[in-house]
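# Tertiary structure, described
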Number of protein chains: 2
Amino acid sequence: MANIQDLFGKPLTVVNIGLQTFAESVRAQGVEVVDVDFRPSPYDAPRLTRTRAGVDIEAANAEAVRRIASGKAVLIGLGIAREVIPGMRDKMILHAGPPITWERMCGPVRGAVIGACLYEGWARTSDEAAQLAASGALTFEPCHHHHAVGPMAGVVSPSMPVWIIENAAREASNCAFCTLNEGLGKVLRFGAFAPEVIEKLKWMATTLYPALDRAVRSIDGGVDIKNLIAQALYMGDECHNRNKAGTSLFLRAIAPALARTSEDRETIAKVVEFIDRNDHFFLNLSMPAAKALTEPAEGIQGSTIVTTMARNGTDFGIRIAGLPERWFVAPAGQVKGLYFPGFTEADANPDMGDSTITETAGFGGMAMAGAPAIVKFVGGVPQDALDATLEMYDICAAEHDTFLIPALNFRGAPLGIDVRRVVETGIAPRLNTGIAHKDPGVGQVGAGLLRAPMECFVAAFEAMRET
Amino acid sequence: MANIQDLFGKPLTVVNIGLQTFAESVRAQGVEVVDVDFRPSPYDAPRLTRTRAGVDIEAANAEAVRRIASGKAVLIGLGIAREVIPGMRDKMILHAGPPITWERMCGPVRGAVIGACLYEGWARTSDEAAQLAASGALTFEPCHHHHAVGPMAGVVSPSMPVWIIENAAREASNCAFCTLNEGLGKVLRFGAFAPEVIEKLKWMATTLYPALDRAVRSIDGGVDIKNLIAQALYMGDECHNRNKAGTSLFLRAIAPALARTSEDRETIAKVVEFIDRNDHFFLNLSMPAAKALTEPAEGIQGSTIVTTMARNGTDFGIRIAGLPERWFVAPAGQVKGLYFPGFTEADANPDMGDSTITETAGFGGMAMAGAPAIVKFVGGVPQDALDATLEMYDICAAEHDTFLIPALNFRGAPLGIDVRRVVETGIAPRLNTGIAHKDPGVGQVGAGLLRAPMECFVAAFEAMRET
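What counts and how
Residues numbered from 1 in each chain as written. Chains lettered and ligands numbered in written order. Predicted model: local features only at pLDDT ≥ 70, side-chain atom pairs only at ≥ 80, totals over all residues. Helix = DSSP H or I, 4+ residues; strand = E, 2+ residues; numbered from the N terminus. Rg over C-alpha atoms; globule rule 2.2 N^0.38 Å. Buried ≥ 20, exposed ≤ 12 C-beta atoms within 10 Å, placed from the backbone. Domains from an automatic or database assignment. Core = buried A, V, L, I, M, F, W, Y, C linked by C-beta atoms within 7 Å. Contact = placed C-beta atoms within 7 Å. Pairing = 2+ DSSP bridges. Axes fitted to C-alpha atoms, helices over the stretch in contact; angles between N-to-C directions. Nonpolar A, V, L, I, M, F, W, Y, C, P; charged D, E, K, R; others polar. Expected span 1.5 Å × (residues − 1). Least-squares fit on C-alpha atoms with pLDDT ≥ 70 in both. Parallel < 35°, antiparallel > 145°, perpendicular 65-115°, else oblique. Left-handed = near helix turned anticlockwise from the far one by under 90°. Arc of directions from axis to C-beta. pLDDT = per-residue confidence, 0-100.

## Describing the overall build of chain A
Counting secondary structure elements, chain A contains 16 helices and 17 strands. Here chain A has a C-alpha radius of gyration of 23 Å; the compact-globule value for 467 residues is 23 Å, and the two agree. Across its three principal directions, the C-alpha atoms of chain A cover 90 × 50 × 45 Å. When burial is assessed residue by residue, chain A has 55% of its 467 residues classed as buried.

Structure follows, in structure tokens:
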């Protein structure tokens, strides 16, 4: 008792672990409190070190992140979806996120499907398109089932041009695909399908696509997109919602070839203008690069590393390296963000798009510490961006050896989300994303931040325990 | 006495002001020490608030920084030095820094003068050129006496093409001039004059210059360089020794016009390649922009704000707003930096060039906090870059309202070096710079950091007291 008297006789410094309210009541009495941000795991599970079959999970995960980090991502050309995407067929529409039926599709994905039907000439009006989509005559499949990714609605139809990104690393030989970024405003990926949306897609297919394809194919060895991502991370991009440096560097990389291979000077000017007017142009290159980099990790037995995080606007789904065919799905979350003038949270569709492949591959939200200016687009203050990256180290298996963050003294970005760590710490991956209007035909209304739903990770963890 | 016993009976926390060694001896005894980095002023002077004539210095300085911050800097075209630079005459050579004679010129400035003589056809060999330069037949004047600035040797001869940057703000109507950046390696600005150096300058005059001039003049309203600087500061540049984002953004700004106004596709490709291969290309635009922005502050009676900092490789000189015609000069310092393979500090020429106009205008070294990746080029760690900016707030009169630093929560960069504050605090402006070989004809050997010499500021302060 004497000792306790002694203790309370001196000024106290209190360390408060967890619930904020305890700290506040102590602080109210003028006592200094150090807060430790601790959340108990939502899931009381023993540490998983081996699968039932005896596979060393730590070793499997090390191999998964090694493959992702050491991969290549080279733009080798463009192609028409039906001609280059494996398994793409007539009357097939690819979409972002896990599998979904027309009945369960959210407004903006429905809007993009309607737009694709008009673009393909399968329907003359939006009503006709909606009837066609509901009739069962179309096949809907996730981009991720076809080595592809798509931002927001992520809709790809057979005659759309796509980028082709090759990963020709030692043990890999895979390609990933993505449509070209349409720009800002009313665009298909945010669910718009007005005549000007379709008209712009046609221009992209007839002018932009051939010009870029000729330019890229004339560059010996292609364009190293992984290298451009690494450079852009030194320049304030995180290459998910800030792609201004990446867009600029890509233009530098292709402009000479574009000049030499284009038919006329006006085409060069138009193509350059199209790229220059859209600071998100590079997103549709950083995304398939991430897809190309992560695919070689799929199928590593026993690995609990996430290889896919994707949302269709209704569901959020993840897949892990050790169980590459299974989706672990939960309802898509609501984004907290900044809204364009005239729109509010009430207009927002839930979280949507395959762009979370960037976080999966070790950049995007993982590298926000290097992109302080992004908070002007997604909300918060630069310290939040720094904190986001620092927190992600707790749930990742490694630090990237190529994607570095100057502001953190060139520390590698967090790489390889381990579902075990997510479940143990209760820390879900942080995402930053665009926000679509919930109704078809409107488009983007803002951008913001959220976390992946914990249920997906708990389900994946459970599945690994049972394997 | 009882009180003192009481004091030393409790655990002590010591605040040590100034000399590091005191702190270390206390710390060695296990006592917690908070260091305060304090240097006594080298100059024991009362605070100067009014000139002898009664002018309120604080108000004069506020007007100076207001003019600098509110200025414009628009690229309106290019021209040939003799045709566009006021006072430029035949057989005249402009150079960086304060006035200097051929006899006192350092090796690389002599090298650049020799190169200029060869370029102009005034001499056939380097010996002939040196004889001509020593003969008194040439006129040497500072760039700064002709509304111009030049990086490193800063040599401008009559037939060289120059950028024209206009400041058409409300109370200003001035233009600034700068040659085009030649790229890396053996280049005139670092004192090289080999045949390939002259050949490249000729290509720049005959191909690059007309193509860029046509492109720039076709753009309605010109190219807003101040705006590009502000954007580049969000993208990891500080626009003195890191200009990668600025170079990229400038290319984006002119590429469509370049495509539309060039004679053929190969010229477009060559011009774009030339820009793309040199991440410092934008330096020769950020420098004259800084010059255009700072000139309107010159001549504000009673202002102690620095309007020029410049080095000729022998002397370092400053000028202040209140005494715009007077140079305050001290020996140029030795740069601490990173050297290219094969070179050491023994090869280095002292500090050189007009590029410190960037720090004068509120970016460059002032904005290093936003450019953590620059340390890979100039040395140090990212924390040093952050500290450099934070320290500069102590000697500047204001914070810029347009040049913002995301990493400091979008705080404005330190703007307007006040010689009074420099003298009072003993903190000299920090600079980052390229390093030239001390011999003529060699070129760049590295890049690094240093401070401006305190003597210049003390002399300027003294002169203001006497005014």
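There is more to say after this.
## Focus: the domain arrangement of chain A
Domain annotation for chain A reports domain 1 (2-36), domain 2 (57-66 + 299-466) and domain 3 (68-289). Here the C-alpha centroids of domain 1 of chain A and domain 2 of chain A sit 35 Å apart.

## A few points about the nonpolar core
With 311 residues, the main nonpolar core has Ile 165 of chain A together with Ile 165 of chain B as its most contacted residues. In contact with Ile 165 of chain A, not counting residues within four places along its chain, are Ala 73, Val 74, Leu 75, Cys 175, Ala 176, Ile 225, Pro 288, Ala 289 and Ala 292 of chain A.

## Here we look at the sheet that holds strand 7 (residues 174-179) of chain A
Residues and elements named next belong to chain A. Ordered in space as 7-6-3-8, the four strands form an open sheet in which the pairing is antiparallel. Edge positions in the sheet fall to strand 7 and strand 8 (223-224), since each has one partner strand and no second. In this fold helix 7 (residues 195-218) packs onto strand 3 (74-80), strand 6 (161-167) and strand 8, with an angle of close to 145° to the strand it touches most, strand 3.

## Let's talk about the interface of chain B and chain A
With 28 residues of chain B at the interface, the matching set in chain A holds 28 residues. Secondary-structure elements contributing two or more residues to the side of chain B that touches chain A are helix 9 (244-261) and helix 10 (265-276) of chain B. Counting residues per element, the side of chain B that touches chain A draws most heavily on helix 9 of chain B, at 10 residues. Residues that form the side of chain B that touches chain A fall into these classes: 17 nonpolar, four polar and seven charged.

## Considering helix 10 (residues 265-276) of chain A
Because each turn of an α-helix spans 3.6 residues, side chains separated by three or four positions in sequence point in the same direction. Its 12 residues place the ends of helix 10 of chain A 16 Å apart at the C-alpha level, agreeing with the 16 Å of an ideal helix rising 1.5 Å per residue. Along helix 10 of chain A, the residues classified as buried are Ile 268, Ala 269, Val 271, Val 272, Phe 274 and Ile 275 of chain A. Looking at the packing, one finds that the buried side of helix 10 of chain A touches helix 7 and helix 9 (244-261) of chain A together with helix 9 and helix 10 of chain B.

## Notes on the relation of the copies chain B and chain A
Of the two same-sequence chains, chain B is brought onto chain A (RMSD 0.2 Å, axial shift 0.0 Å) by a rotation of 180°. What the superposition gives is, in effect, a two-fold axis relating one chain to the other. Within chain B, Met 235 of chain B has its C-alpha nearest the rotation axis, a separation of 2.2 Å. Comparing interface residues between copies, 100% of those in chain B also sit at the interface in chain A, which points to an isologous, same-surface contact.

## Quick word on the packing of helix 5 (residues 107-120) of chain A against helix 7 of chain A
Residue and element names in this part refer to chain A. Relative to each other, helix 5 and helix 7 sit at 55°, their axes nearing to 10 Å. Compared by their axis directions, helix 5 and helix 7 come out oblique. Note on packing geometry: the crossing formed by helix 5 with helix 7 is right-handed. Along the contact surface, helix 5 presents Gly 115, Leu 118 and Tyr 119, while helix 7 presents Val 197, Ile 198 and Leu 201. Broken down by class, the residue content of the contact of helix 5 with helix 7 amounts to five nonpolar, one polar and no charged.

## Re unusual backbone geometry
Residue and element names in this part refer to chain A. Within the chain, Met 152 stands out as a residue other than glycine whose phi angle is a positive 50°. Its place among the elements puts Met 152 in the loop between strand 5 (139-142) and strand 6. In this structure Met 152 comes out as buried when scored by C-beta crowding, with 27 C-beta atoms within 10 Å. Even without a glycine there, the phi angle at Phe 410 is positive, about 65°.

## Looking at the sheet that holds strand 11 (residues 323-331) of chain B
In any sheet, the strands associate via hydrogen bonds between backbone groups, in a parallel or an antiparallel arrangement. Residue and element names in this part refer to chain B. One open sheet holds the four strands; their spatial order is 11-10-9-13, and the pairing between them is antiparallel. Each edge of the open sheet is held by one strand with a lone partner, namely strand 11 and strand 13 (352-353). On the sheet, helix 16 (residues 454-466) packs against strand 10 (315-320) and strand 11 and is oriented at approximately 145° with respect to strand 11.

## Some remarks on the environment of Leu 118 of chain A
Residue and element names in this part refer to chain A. Turning to its location among the elements, Leu 118 is positioned in helix 5. Judged by local crowding, Leu 118 falls into the buried class, with 23 C-beta atoms found within 10 Å. Put simply, Leu 118 and Ala 129 are 11 residues apart on the chain and 6.9 Å apart in space, counted from C-alpha to C-alpha. When sequence neighbours within four positions are dropped, the list of residues in contact with Leu 118 reads Ala 123, Ala 129, Phe 193 and Ile 198.

## Let's talk about the packing of helix 9 of chain A against helix 9 of chain B
The interhelical angle for the contact between helix 9 of chain A and helix 9 of chain B, taken along N-to-C directions, is 65°, at an axis separation of 9 Å. Helix 9 of chain B is crossed by helix 9 of chain A, and the crossing has left-handed handedness. Of the residues in helix 9 of chain B, those touching helix 9 of chain A at Ala 245, Ser 248, Leu 249, Leu 251, Arg 252 and Ala 255 of chain A are Ala 245, Ser 248, Leu 249, Leu 251, Arg 252 and Ala 255 of chain B. Taken together, the residues that form the contact of helix 9 of chain A with helix 9 of chain B break down as eight nonpolar, two polar and two charged.

## Notes on helix 8 (residues 225-233) of chain B
All names here are of chain B. Looking only at helix 8, the buried set comprises Ile 225, Lys 226, Leu 228, Ile 229, Ala 232 and Leu 233. An end-on view of helix 8 places all buried positions within 160° of arc, on one side of the element. As for helix 8, its buried residues are in contact with strand 3 (74-80), strand 6 (161-167), strand 8 (223-224), helix 9, helix 11 (283-294) and strand 14 (396-405).

## Overview of the confidence of the model for chain A
Scored by pLDDT, chain A has a mean of 94; 95% of the residues are at 70 or more. Two summary scores accompany this predicted model of the complex, namely pTM at 0.92 and ipTM at 0.90.

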